[in-house]
Amino acid sequence: MNEDSPPLPAPSREALQSALRHLEGTCSELHTIADILCSLTDLTAGQASSCEFALMAQFLTERTATIEGIYDVMYDSLDDKP
């Protein structure tokens, strides 16, 4: 954005709540996928793919934590919590 551009309007409360609901659902799905990857790690113990599943689960868990941090910041920005 250049200096002459007007500031972007703040998102409406409804849009923010909708985004929060979407993030919450997405995080739940990501946790489920990470759990499946951990199970695959256990099932394939001793095989080369076991390490790959473990790394994917770790990566997904870390990224999910980042998304949850964003969710917390967005939720805290609401004046009156739902």
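For the structure given in this document, a descriptive report is provided here. Values in this document were obtained by computation on a predicted structure and should not be read as measured data. (Residues numbered from 1 in each chain as written. Predicted model: local features only at pLDDT ≥ 70, side-chain atom pairs only at ≥ 80, totals over all residues. Heavy atoms only, no water.)

**Overview of the overall build of the chain**
As a reminder, the rule being used: Per the convention used, a helix needs a DSSP run of H or I reaching at least four residues, while a strand needs a run of E reaching at least two, with both numbered from the N terminus. Two residues qualify as a contact provided that any one of their heavy atoms is within 4.5 Å of a heavy atom in the partner residue. All accessibility values rest on the Shrake-Rupley procedure with a 1.4 Å probe; residue burial counts only the protein chains present in the view.
Looking only at helices and strands, the chain has two helices and zero strands in total. Within the chain, residue pairs in contact and separated by at least 24 positions form 66% of the contacts whose partners lie at least 6 positions apart. When the accessible surface of the chain is totalled, it reaches about 6,200 Å², and 60% of it is carbon and sulfur.

**Digging into the nonpolar core**
Looking at soluble globular proteins, one finds that nonpolar side chains tend to be buried together. The cut-off we apply is this: Note on terminology: a nonpolar core comprises buried Ala, Val, Leu, Ile, Met, Phe, Trp, Tyr and Cys residues joined through side-chain atoms within 4.5 Å. Only protein chains enter the accessibility calculation, which uses a 1.4 Å probe; a residue whose area is less than 20% of its type maximum is buried, one above 50% is exposed, and one in between is partly exposed.
In this structure, Leu 30, Ala 34, Leu 37, Phe 53, Ala 57 and Leu 60 together form the largest nonpolar core, which totals six residues. Elements with a minimum of two residues in this core: α1 (13–43) and α2 (48–76). In this view, Leu 60 contacts Leu 30, Ile 33, Ala 34 and Leu 37; residues no more than four positions away in its chain are not counted. Membership of the second largest hydrophobic core comes to five residues, among which are Leu 16, Leu 23, Tyr 71 and Leu 78.

**Some points on the side chain of Thr 64**
Among the structural elements, Thr 64 can be located in helix α2. Note on Thr 64: relative accessible area 2%, which makes it buried. If we skip the residues at most four places from it in the chain, Thr 64 touches Cys 27, Leu 30 and His 31.

**Points about the packing of α1 against α2**
Helix packing geometry: the angle between the two helix axes and the distance between the axes. Basically, it comes down to this: Every angle, taken between N-to-C directions, lies between 0 and 180 degrees, and every axis is a line fitted to C-alpha atoms, over only the stretch in contact when it is a helix. Roughly parallel refers to an angle under 35 degrees, roughly antiparallel to one over 145, roughly perpendicular to one between 65 and 115, and oblique to any angle outside these ranges. Crossings are classed by handedness, with left-handed meaning an anticlockwise turn of the near helix from the far one by less than a right angle and right-handed meaning a clockwise turn. We call Asp, Glu, Lys and Arg charged. Ala, Val, Leu, Ile, Met, Phe, Trp, Tyr, Cys and Pro are nonpolar, and the rest, Gly among them, are polar.
Packing of α1 against α2 leaves a shortest axis separation of 9 Å and a crossing angle of 160 degrees. In this view, α1 runs roughly antiparallel relative to α2, as classed from their interaxial angle. Considering the relative orientation of α1 and α2, their crossing is left-handed. Partitioned by chemical class, the residues of the contact of α1 with α2 number 21 nonpolar, five polar and two charged.

**A short note on α1**
This is how it is decided: Given the number of residues in a helix, its expected span is that number minus one, multiplied by 1.5 Å.
The terminal C-alpha atoms of α1 lie 45 Å apart, and with 31 residues this matches the ideal 45 Å at 1.5 Å per residue to within 8%. Of the residues making up α1, those classed as buried are Leu 16, Gln 17, Leu 20, Leu 23, Cys 27, Leu 30, Ala 34, Leu 37 and Thr 41. Contacts made by the buried residues of α1 are with α2.

**What about the side chain of Thr 41?**
Secondary-structure assignment places Thr 41 in helix α1. Using a relative accessible area of 16% as the deciding quantity, one classes Thr 41 as buried. Ignoring any residue separated from it by four or fewer positions in sequence, one finds Thr 41 in contact with Ser 50, Phe 53 and Ala 54.

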